[in-house]
Amino acid sequence: MNVLLVGGGGREHAIAMQIAKSPKVDKFYCAPGNAGIASLAECVSIGVMEFDKLVAFAKEKAIDFVIVAPDDPLAAGLVDEFEKAGIRAFGPRKNAAILEGSKAFSKDLMKKYGIPTAAYENFDDAQAALAYLETAQFPIVLKADGLALGKGVLICMNKEEAIAGVKEIMQDKKFGTAGNRMVVEQFMTGREVSVLTFTDGKTIRVMTSAQDHKRAKDNDEGLNTGGMGTFSPSPFYTDEIHEYCVKNIYQPTVDAMAKEGRTFQGVIFFGLMLTADGPKVLEYNARFGDPETQVVLPRMKNDLLEVMEACVDGTLDQIDLQFEDNAAVCVVLASDGYPVSYEKGFEITGLEAFEGKEDYFCFHAGSKFADGKIVTNGGRVLGVTATGADLKEARRKAYEATKWVNFANKYMRNDIGKAIDEA
Ligand code: GLY
């Protein structure tokens, strides 16, 4: 099969690593890819939102199967475009990707189908939202309705912060049109867990759990980022919690989408809060999470391409999804200053240390070739991942490996996986 992967971050590098292993693959392309993915697939310089060029490229190269990984092209209907061209594509269609594309839609869906989540109100109008804050309880969570690079969520400790937040989202349009609507949500406390699942629209297969670290600085301080590191599995996600979630959250979500005429085929990422009242949905994503994918996929035993085909073909019930009985930790090496402002273009050295090692991975998130060298090309640069017999071993190995690679302005959190010690 000829396969095209759309995307170019650490998540896509982890996907590419598994796809490249599949005996079913003949030619493997990635658009646009990055300097790490280039060792696994032929990278083509087409952006993820250049739909016409992507479809034309797929036709020209006789692509049999496309994987659309990032949220923006999914929400804008790239899978539909490939389908119209007669090309099988993995990922939800536009009408199903709304599960992530509109927070107001997903909250209304959960309310309608009794899926546990925080209490909320949706607002189209800033004045109405401000009036609601007069009698609200704090802390409170404000969410821009649309996609905002994972940054459209504000946790406000008091009324003053919340008033400023409503202005930022709805009036100043800090997150662009994503802030035309807004969800105001009850603040939940507990442990956060990320659970990725495959679905073909009827059957759901649950991957191993993970936990992300979203804040830029140690001790969960600093600004929200796309994610500074992950570990898998989460020791807090017990078998009992898993059974509850399958019955009350995962399968009901797949069934609800089908009932709404929005059959979801692809990956649903359940962002959960394990509250004192039981697990509740914090957010849905309509795709693999990043950097969760960088700790989940290295532990997966199946042929990823076969699982993805089953999602598209409606045969997921025939797949026995299996993961290694081990653990993985990913530490993101970022450019100092991320997520606000940072310099790019610095040479990355030491990457060869990962070659030939089965339990160490260096996923490229923001890198490119320049003058024959690999240089930094983003806020998040590398995801250094290690597997181990247990979480503590994986964490020790991941931090050891962060020393092998270097670039100017290298920055990382030093407490990824700290929660492991509290389990
Ligand atoms: N790590 C969270 C996300 O992928 O949105």
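Structural data are supplied above this passage.
It should be emphasised that the depicted structure is a prediction, and the values quoted were computed from it without experimental measurement.

**Student:** Explain the overall build of the chain here, please?
**Tutor:** A count of helical and extended segments in the chain gives 12 helices and 22 strands. For 423 residues, the compact-globule formula gives about 22 Å, and the C-alpha radius of gyration of the chain, at 21 Å, lands near that figure. Its C-alpha atoms give the chain principal-axis dimensions of roughly 60 × 45 × 45 Å. Burial statistics for the chain: of 423 residues in total, 57% are counted as buried.

**Student:** Would you explain the sheet that holds strand β1 (residues 3-7) in this entry?
**Tutor:** Pairing between the strands of a sheet comes from backbone hydrogen bonds, and it takes one of two forms, parallel or antiparallel. Reading across the sheet, the five strands line up as β3-β2-β1-β4-β5 and stay open at both edges, with parallel pairing between neighbours. Two strands in the sheet have a free side with no partner beyond their single neighbour: β3 (42-43) and β5 (88-90). The strands touched by helix α1 (residues 10-21) within the sheet are β1, β2 (28-32) and β4 (65-68), with β1 carrying the most contacts at an inclination of about 170°. Helix α11 (residues 304-313) rests against β1, β4 and β5 of the sheet, and its axis sits at about 110° to β5.

**Student:** What is the right way to read the packing of aromatic side chains from this model?
**Tutor:** Applying the stated criterion to the full structure yields nine aromatic pairs. Measuring from centroid to centroid gives 5.2 Å for Y29 and F57, while their planes differ by 85°, and the two rings are edge-to-face. Remark: F57 occurs in helix α2 (residues 51-60) and Y29 occurs in strand β2; sequence separation between them is 28 residues. One aromatic cluster in this structure is built from Y250, F270 and Y284. Cation over ring: R191 sits above F236, and NZ or CZ is 3.9 Å from the ring centre.

**Student:** Sorry if this is basic, but what is going on with the environment of L351 here?
**Tutor:** Within the secondary structure, L351 sits in the loop between β17 (327-335) and β18 (360-364). Among the residues examined, L351 registers a relative accessible area of 16% and is labelled buried. In this structure the C-alpha to C-alpha distance between L351 and G36, which are 315 residues apart in sequence, comes to 9.6 Å. Look past the residues within four positions of L351 in its chain and what remains in contact with it is C362, H364, I374, L382 and V405.

**Student:** Can you help me understand the layout of surface pockets in this one?
**Tutor:** With a probe scaled to a water molecule rolled over the atoms, the places where space remains empty come into view. Here the second largest pocket defines a volume of roughly 510 Å³. Taken together, 21 residues line the second largest pocket, and the ones lying closest to its centre are H13, S39, F354, E355 and C362. Counting only elements with at least two residues in the lining of the second largest pocket, the list comes to α1 and β18. Here the lining of the second largest pocket gets five residues from one element, more than from any other, and that element is β18. Grouping the amino acids of the lining of the second largest pocket by side-chain chemistry returns 11 nonpolar, five polar and five charged.

**Student:** Just to check I follow, could you spell out the pattern of salt bridges for this structure?
**Tutor:** Close approach of charged atoms lets side chains of opposite charge pair. In total, this model carries 24 salt bridges according to the counting rule given. Here K53 ties to E50 by a salt bridge, and the two come within 3.1 Å at their closest N and O atoms. We classify K53 as partly exposed; its relative accessible area is 48%. A salt bridge links K84 to E81; the shortest N-O distance between them is 2.9 Å. Here K84 pairs with E81, and both are found in helix α4 (residues 78-84), just three residues apart, close to one helical turn. Shared partners join several salt bridges into a network, and the residues in it are K24, R88, E309 and D313.

**Student:** Quick question: what am I supposed to make of the pairing of β2 here?
**Tutor:** As a general feature of sheets, a regular strand has side chains that alternate between the two faces. Of all the five residues making up β2, four are buried; the element is thus mostly covered by neighbouring parts of the structure. Where β1 meets β2, five bridges bridge the pair, whose relative direction is parallel. Within β2, the position partnered with V3 by the bridge is F28. Chirality of the crossover, the property in question, places the unit of β1, α1 and β2 among those that are right-handed. Alignment of β2 against β3, held across two bridges, turns out to be parallel. Along β3, the bridge assignment pairs Y29 with E42.

Thresholds applied
Residues numbered from 1 in each chain as written. Predicted model: local features only at pLDDT ≥ 70, side-chain atom pairs only at ≥ 80, totals over all residues. Heavy atoms only, no water. Helix = DSSP H or I, 4+ residues; strand = E, 2+ residues; numbered from the N terminus. Rg over C-alpha atoms; globule rule 2.2 N^0.38 Å. Buried < 20%, exposed > 50% of the residue type's maximum accessible area, 1.4 Å probe, protein only. Pairing = 2+ DSSP bridges. Contact = heavy atoms within 4.5 Å. Axes fitted to C-alpha atoms, helices over the stretch in contact; angles between N-to-C directions. Phe/Tyr/Trp six-rings, centres within 6.5 Å; stacked < 30°, edge-to-face > 60°. Lys NZ or Arg CZ within 6 Å of the ring centre and 35° of its normal. 1 Å grid on protein atoms, 1.4 Å probe; cavity = no way out; pocket = protein on both sides within 12 Å on 5 of 7 lines; lining within 4 Å. Points joined across faces, edges and corners; volume = space filled by probe spheres on them. Nonpolar A, V, L, I, M, F, W, Y, C, P; charged D, E, K, R; others polar. Salt bridge = Lys/Arg side-chain N within 4 Å of Asp/Glu carboxyl O. Right-handed = clockwise from strand over helix to strand, strands pointing away.

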